[in-house]
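An overview of the molecular structure
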Amino acid sequence: MRPDQSPVIRLSEYRPPDFLIDHVALDFRLHPSGTVVDAVLTLRRNPKGRAGAALSLDGEDLTLLSVALEGKELTASAYEVSPEKLVIPDVPDAFTLALKTEINPATNTRLMGLYRSNGVYCTQCEADAFRRITYFLDRPDVMSTYSVRIEAEKAEAPLLLSNGNPVGAGDIPGTTRHFALWEDPHRKPAYLFALVAGDLDRVTDTHTTPSGRRVTLNVYVEKGKGNRAAYAMDSLIRSMKWDEEKFGREYDLDLFNIVAVSDFNMGAMENKGLNIFNDRYILATPETATDQDYHNIEAIVAHEYFHNWTGNRITCRDWFQLCLKEGLTVFRDQEFSSDERSRPVERIANVQTLRAAQFVEDAGPLAHPVRPHQYKEINNFYTATVYNKGSEVIQMLRLLIGPAKFREGMDLYFERHDGEACTVEQFIRCFADVSGRDFTPFMRWYDQAGTPLVTVRDAFDAATGRYTLHFQQTTKPTPGQPEKHPQVIPVRLGLLDPQGQSLVSDDLFVLDGAEGQKTWDNMPARPIPSLFRGFSAPVRVEINRQPGDLLVLAGHDPDPFNRWQALQDVEIDLLKRSIAGIRKGEAPLADPTLAAALERLIRHSDADPAFAALAIALPRETEMAREIGQDVDPDAIGTAVTALWKSIGQSVGSLARERYDALSKPVPFSPDAASAGKRALALRLLNYLIAANPAEGAGLALAQFERANNMSDRANALWALVTADRPERDQAFAAAEARFRDDPLLLDLWFTLNASIPGKAGRERVEALLRHPKFTLGNPNRVRALVGAFANGNPRGFHAADGAGYRLVANVIGEVDGKNPQIAARLATAFRTWKALEAGRRAEAEKALRGLVAPDRSRDLSDILERSLA
């Protein structure tokens, strides 16, 4: 479709389905190029639908073989079929409809519907790809029970899986084929249907719920990789126990299966009882996975399991309510990770992710509310706004009513809406009912796009000891929303004296209008305010600080998040001034006071190495671009950031070397958070050593790479070498390629490392690696590893002044779009900041975007291009 021909779906135009489907019986006769699907649908008219309406079913890329109504095959004149619809004008009020379709899994490069991954049949149906399996009412408010028969060649697919519980299996006499029968007693929308068939290794365990149900747990992986699934299984068991303890939620079937495949558009999918994962988020051993891999596996396994209640048992009425399952479940998985690891470290990392992805999204042409008002392609709204900002809305909700009332509201939500397809209003109403609070103004967080700016001014009357904080909030216009209304903003705060002692330990102020203020009396001296503790709201903050305030907060604030934030604010202010000077031809700035503060952190880093690793890390170049916000010059940013790393590295060099040597001694590997924190700190120290003395630091990194007894230490050495234009980098990268080339996930890491080398050198490597024998545009992980990493993580390369980076990425986007539109559209979001660039780069980026516009582009990519260029 041309962009202007794509239909616009609007929340305001929602209407209930005209028909409901009570039961779905599916029969798959699997074949790589010609799978036949028999579907028998038990339908009835919806009392809330339109009286007398025709039956209109969704379809895509299907070959329709036959249609039968109440057992009688229909002639072609009795229905209308098109590439996207099957319409039967004359149907009774209740009936069965039998559909026979044929599909081609082998040629399904979109990886939506039924497709093949390394010889394994698997499905991905969210958001609306069940229509690529059979004609259906493919919408989340149509919930049905399912019975499934799967038939396949036994040698090719000895394993046959679907949702629910297995109820039968056997060989088919006279053939080399066999079958399996599955029944799911829980009603679900079609997007949660799943099928897997293939020859896979299995890791198995059990879990007994508090009520006594014994659940069999299986993790299936590609042959030969079973030894890499143990941590995923451990994460699953811990997730199940945590959900029982924290939310009172037990699992509800006798079997829980996870399957990992190598070709997958997303991270994972929560299909009822049969989660399907990108194998990047399942496979791990000390020799093959980094600390970040272990963290991701733990978090994503938990996320998909938690969907069993927040997404499956209670789903969303329509796709505008996507945040109802995703934002809520991100909140739940973040709480799980915080309990399993370090809560302050997890909070800082989550906010870094939010700011890097969602704040940028909110500031550009792709901005949209947590609950969008309209869309053309729903796949383009699986965004940081829906997921991460959606989670922050839940965080604020809990803060406003307190943990006890929040748990009471969640219990009411599960009790009241189990088995339903719900809206955000129904969810919020549960918390209003238990707290007695009016959440009408709070709903703006769901309906209004943009990141509020909270400006804070303070005043102190030394004669009376009265101290006042004045707050003002504003939100810039976003696409389709030129006028903004005040948000309900919870401000967790405290007050410190000039020596860092607490005057007010912890308080909550709610800014629910355009302006507000809070006053304290009898203050002995002008306090230093500690605002938005724990990042209590997803806002930007400006405050008139006194000189030295931030360093007092960095050293003494009892809130760990605000200690980290204070240092970030010092560094951001310094870098902004340095960048402005560089653009005028001046030398980069340094700050001995900042260096001394970081040296103190390094000296006392034994207390919490993971926190110290975050605290001594300078803002990334992409973060500085976000903070500057307009007329952005990535080269000037890169020069300033690199110079600051060098100056601080030279100041802390001897101590950094001493601590690095102590931390880098070989020890047995453990993936626990404390051990990972020590390795993270060693990496940050190595970053400073390389910045201060590239020859010496690169030698240390190469030695670490060569002696490492685990992938975390080995990968950290490689990451440290990314910024070192030294022979040691080439030596280590060549050795890594030889070591990694037969492991797809490790080879992805190697591609990403090359793509991350700053500037022109990185771009040239990407151009060469597009021709690497192991690079393919058909595997989403490989495309993300090389081209996605370059576009999103190499600002000096992607945003080259001559436009070469834009042209490179645009060419790949155009080629990928013909194979996998979802991946093409996601790559195109790398251009989302183009309007914030300085004029020359802005013109080059626009030229690249406009060059992608064409009549035959996919709906996915056309939607991103249209909104980006609007």
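Let me begin by describing the structure that accompanies this report. Since the model is a prediction, treat every value here as computed from it, not as a measurement.

1. Some points on the sheet that holds strand 13 (residues 159-162)
Taken in spatial order, the four strands of this open sheet run 10-11-16-13, and their pairing is antiparallel. Of all the strands in the sheet, just strand 10 (113-117) and strand 13 have a single pairing partner and so form its edges. The average angle at which neighbouring strand axes cross in this sheet is 15°, direction not considered. In this structure, strand 13 lies alongside strand 16 (residues 195-198), joined through four bridges in antiparallel fashion. Looking at the pairing, Leu-161 lines up with Val-196 of strand 16.

2. Re the environment of Val-766
Position of Val-766 relative to the elements: it lies in helix 20 (residues 760-769). Val-766 gets classed as buried once you look at its relative accessible area, which sits at 1%. Between the C-alpha atom of Val-766 and that of Gly-805, which follows or precedes it by 39 residues, the distance is 9.8 Å. In contact with Val-766, not counting residues within four places along its chain, are Ala-755, Leu-786, Phe-790 and Leu-808.

3. Observations regarding the sheet that holds strand 27 (residues 489-496)
Sheet strands pair via backbone hydrogen bonds, and the direction of the pair is either parallel or antiparallel. The antiparallel open sheet is built from three strands, whose spatial order is 28-27-30. Strands with a single pairing partner mark the edges of an open sheet, and in this sheet they are strand 28 (502-511) and strand 30 (528-531). Each strand of the sheet is rotated relative to its neighbour by a mean of 25°, with strand direction disregarded. In the sheet, strand 27 pairs with strand 28 via seven bridges, with the strands oriented antiparallel. Paired with Val-491 across the bridge in strand 28 is Phe-509. Contacts from helix 5 (residues 384-401) reach strand 27 and strand 28, with the element oriented near 65° to strand 27. Against the sheet, helix 9 (residues 549-556) touches strand 27 and strand 30, its axis set at about 60° to strand 30.

4. Focus: the nonpolar core
In this structure, Leu-97, Phe-193, Ile-282, Phe-427, Phe-442, Tyr-446 and Phe-471 are the most contacted members of the largest nonpolar core, which totals 162 residues. For this core, the element with the highest residue contribution is helix 1 (residues 230-247), accounting for eight residues. When near neighbours in sequence (up to four residues on either side) are disregarded, Phe-193 contacts Leu-26, Phe-28, Thr-123, Cys-125, Phe-130, Ile-133, Tyr-146, Val-148, Ser-162, Asn-163, Lys-188 and Asn-271. One finds Phe-611, Ile-690, Ala-755 and Trp-834 within the second-largest nonpolar core, a separate group that totals 118 residues.

5. Re unusual backbone geometry
Of the consecutive residues Glu-126 and Ala-127, the connecting peptide bond is found in the cis state with omega at 5°. Looking at the secondary structure, you find Ala-127 in the loop between strand 11 (120-124) and strand 12 (143-153). For Leu-111, which is not a glycine, the phi torsion comes out positive at approximately 60°. By secondary structure assignment, the location of Leu-111 is in the loop between strand 9 (94-103) and strand 10. The backbone of Asp-631 shows a phi angle near 55°, a positive value even though the residue is not glycine. Note that Asp-631 resides in the loop between helix 13 (621-628) and helix 14 (634-663).

6. Topic: the pattern of salt bridges
Applying the stated criterion to the full structure yields 85 salt bridges. A salt bridge links Asp-252 to Arg-313; the shortest N-O distance between them is 2.6 Å. With Asp-252 in the loop between helix 1 and strand 19 (255-261) and Arg-313 in the loop between helix 2 (291-306) and strand 22 (315-316), this pair connects stretches of sequence that are 61 residues apart. What makes Arg-313 buried here is its relative accessible area of 15%. For Arg-347, the salt bridge is made with Glu-392, and the minimal N-O distance between the two is 2.7 Å. Note that Arg-347 is positioned in helix 4 (residues 343-362) and Glu-392 in helix 5, a separation of 45 residues in sequence. A cluster of three or more residues bridged by salt bridges with shared partners is formed by Arg-583, Asp-631, Asp-633, Asp-635, Glu-838 and Arg-841.

7. Re helix 19 (residues 744-755)
When the terminal C-alpha atoms of helix 19 are compared, their 16 Å separation across twelve residues agrees well with the 16 Å that a helix rising 1.5 Å per residue should span. Summarising burial for helix 19: eleven of the twelve residues are buried, a large majority. Those residues of helix 19 lying buried are Leu-745, Leu-746, Leu-747, Asp-748, Leu-749, Trp-750, Phe-751, Thr-752, Leu-753, Asn-754 and Ala-755. Capping of helix 19 at its N-terminal end is provided by Asp-743; its side-chain oxygen lies 3.1 Å from the backbone amide nitrogen of Leu-745.

8. Observations regarding the environment of Phe-798
Tracing the sequence through the fold places Phe-798 in helix 22 (residues 795-798). Between the C-alpha atoms of Phe-798 and Pro-529, which are 269 residues apart in sequence, the distance is 40 Å. Setting aside its immediate chain neighbours within four residues, Phe-798 contacts Phe-790, Ala-791, Gly-805, Tyr-806, Val-809, Ala-830 and Phe-831.

9. Considering the environment of Asn-118
Position of Asn-118 among the secondary structure elements: in the loop between strand 10 and strand 11. Accessibility expressed as a relative area gives 57% for Asn-118, which makes it exposed. On a C-alpha basis, the gap between Asn-118 and Glu-340 in space is 34 Å, while along the polypeptide they are 222 residues apart. Setting aside residues no more than four positions away along its own chain, Asn-118 makes contact with Glu-222, Ser-262 and Asp-263. Polar side-chain contacts of Asn-118 include one of 3.0 Å to the side chain of Ser-262.

Calculation notes
Residues numbered from 1 in each chain as written. Predicted model: local features only at pLDDT ≥ 70, side-chain atom pairs only at ≥ 80, totals over all residues. Heavy atoms only, no water. Pairing = 2+ DSSP bridges. Helix = DSSP H or I, 4+ residues; strand = E, 2+ residues; numbered from the N terminus. Axes fitted to C-alpha atoms, helices over the stretch in contact; angles between N-to-C directions. Buried < 20%, exposed > 50% of the residue type's maximum accessible area, 1.4 Å probe, protein only. Contact = heavy atoms within 4.5 Å. Core = buried A, V, L, I, M, F, W, Y, C linked by side-chain atoms within 4.5 Å. Salt bridge = Lys/Arg side-chain N within 4 Å of Asp/Glu carboxyl O. Expected span 1.5 Å × (residues − 1). Polar contact = N/O pair within 3.5 Å; in protein donor to acceptor, adjacent residues only side chain to side chain.

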